[in-house]
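Here is what each chain is made of, one letter per residue.
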Amino acid sequence: MITPPNASSDARSTLDGGLRASRPPANFVPARRWVVDSVSELAGLRHALRTEINTRAHASADRDLDRVAQDLVLVASELATNAIKHGRPPTIVQLFQDGTSFLLTVADHDLGSEPRIAGDRPPGEGGFGLQIARRLSRDVGWYRTDTVKVIWAEIRA
């Protein structure tokens, strides 16, 4: 869930925590880029990401995903969903690689909000995408540029 900074008076915000502001490691090289504008495009993103990872691993695109690919697809889906629902379009998803490690970035154009990690919420209230990203990734962070807010996650083999 991405919460506007002025929502701190909301009772739920006392249960939610901020994501660490930081830049990702610089050793990754670009692999692929996607632009998604709606939730209906996420299935295509997941398929294209799975195909890209399997191709880079010299695997068949229809082969069962290994743990790294499964984690990357889930994290990409969660972060892109957050950006589409709570950010401003377009949402830009980029995959970077360094050997067997991958870096995923998801950018949106809403500079007035900060990512918030869901705290102690009742089931069904959502907001767990960043928790999932943190559990499946080696590291997660976010930063702003002059034009976009970027959430990133590093996943290693």
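Note that the structure is predicted; figures quoted are calculated from it, not measured.

**Here we look at the overall build of the protein**
Helix and strand content of the protein: three helices and eight strands. Of the regular secondary structure in the protein, the N- to C-terminal order runs β-β-β-α-α-β-β-β-α-β-β. Counting over 157 residues, the protein shows a buried share of 47%. A fraction of 68% describes how many contacts in the protein between residues 6 or more apart in sequence connect residues 24 or more apart. Accessible surface, the protein as shown: approximately 8000 Å² in total, 50% of it carbon and sulfur.

**Points about the sheet that holds strand 4 (residues 91-98)**
Strand order across the open sheet formed by five strands is 3-4-5-8-7, with antiparallel pairing between neighbours. Every interior strand has two partners, whereas the edge strands, strand 3 (29-36) and strand 7 (139-144), have only one. Neighbour-to-neighbour, the strand axes of this sheet turn through a mean angle of 20°, independent of strand direction. Where strand 3 and strand 4 come together, seven bridges link them in antiparallel fashion. Within the sheet, the bridge partner assigned to Arg 33 lies in strand 4 and is Gln 94. Strand contacts of helix 1 (residues 42-56): strand 3, strand 4 and strand 5 (101-108), with the helix running at about 165° to strand 3, the strand carrying the most contacts. Contacts from helix 2 (residues 67-86) reach strand 3, strand 4, strand 5 and strand 8 (149-155), with the element oriented near 10° to strand 5.

**Examining the packing of helix 2 against helix 3 (residues 129-136)**
Relative orientation of the contacting elements helix 2 and helix 3 amounts to 155°, with a least axis distance of 9 Å. The angle between the axes of helix 2 and helix 3 places the two elements in the roughly antiparallel class. The handedness of the crossing between helix 2 and helix 3 comes out as left-handed. Where helix 2 approaches helix 3, its residues Asp 71, Leu 74, Val 75, Glu 78, Leu 79 and Asn 82 are matched on the opposing element by Gly 129, Leu 130, Ile 132, Ala 133 and Leu 136.

**Side note on the pairing of strand 7**
Bridge count for strand 7 against strand 8 is six bridges, and the pairing is antiparallel. Across the sheet, Asp 139 pairs through a bridge with Glu 154, a residue of strand 8. Between the antiparallel neighbours strand 7 and strand 8 lie four residues.

**Brief notes about the layout of surface pockets**
Its volume calculated, the largest pocket comes out at about 180 Å³. What lines the largest pocket is a set of 14 residues, among which Gln 94, Phe 96, Thr 105, Tyr 143 and Val 150 lie closest to the centre. Of all the elements in the fold, those that place two or more residues in the lining of the largest pocket are strand 4 and strand 5. Classifying every residue of the lining of the largest pocket gives ten nonpolar, two polar and two charged.

**Focus on the confidence of the model for the protein**
Caution applies to low-pLDDT parts of the model: their predicted coordinates are not meant to be read in detail. Overall, the prediction assigns the protein a mean pLDDT of 83, with 80% of residues at 70 or greater. This stretch, residues 1-14, has a pLDDT under 50; its non-local contacts, to residues over four places away or in other chains, come to 28 contacts.

Definitions and limits used
Residues numbered from 1 in each chain as written. Predicted model: local features only at pLDDT ≥ 70, side-chain atom pairs only at ≥ 80, totals over all residues. Heavy atoms only, no water. Helix = DSSP H or I, 4+ residues; strand = E, 2+ residues; numbered from the N terminus. Buried < 20%, exposed > 50% of the residue type's maximum accessible area, 1.4 Å probe, protein only. Contact = heavy atoms within 4.5 Å. Areas by Shrake-Rupley, 256 points an atom, 1.4 Å probe, with all protein chains shown as cover. Pairing = 2+ DSSP bridges. Axes fitted to C-alpha atoms, helices over the stretch in contact; angles between N-to-C directions. Parallel < 35°, antiparallel > 145°, perpendicular 65-115°, else oblique. Left-handed = near helix turned anticlockwise from the far one by under 90°. 1 Å grid on protein atoms, 1.4 Å probe; cavity = no way out; pocket = protein on both sides within 12 Å on 5 of 7 lines; lining within 4 Å. Points joined across faces, edges and corners; volume = space filled by probe spheres on them. Nonpolar A, V, L, I, M, F, W, Y, C, P; charged D, E, K, R; others polar. pLDDT = per-residue confidence, 0-100.

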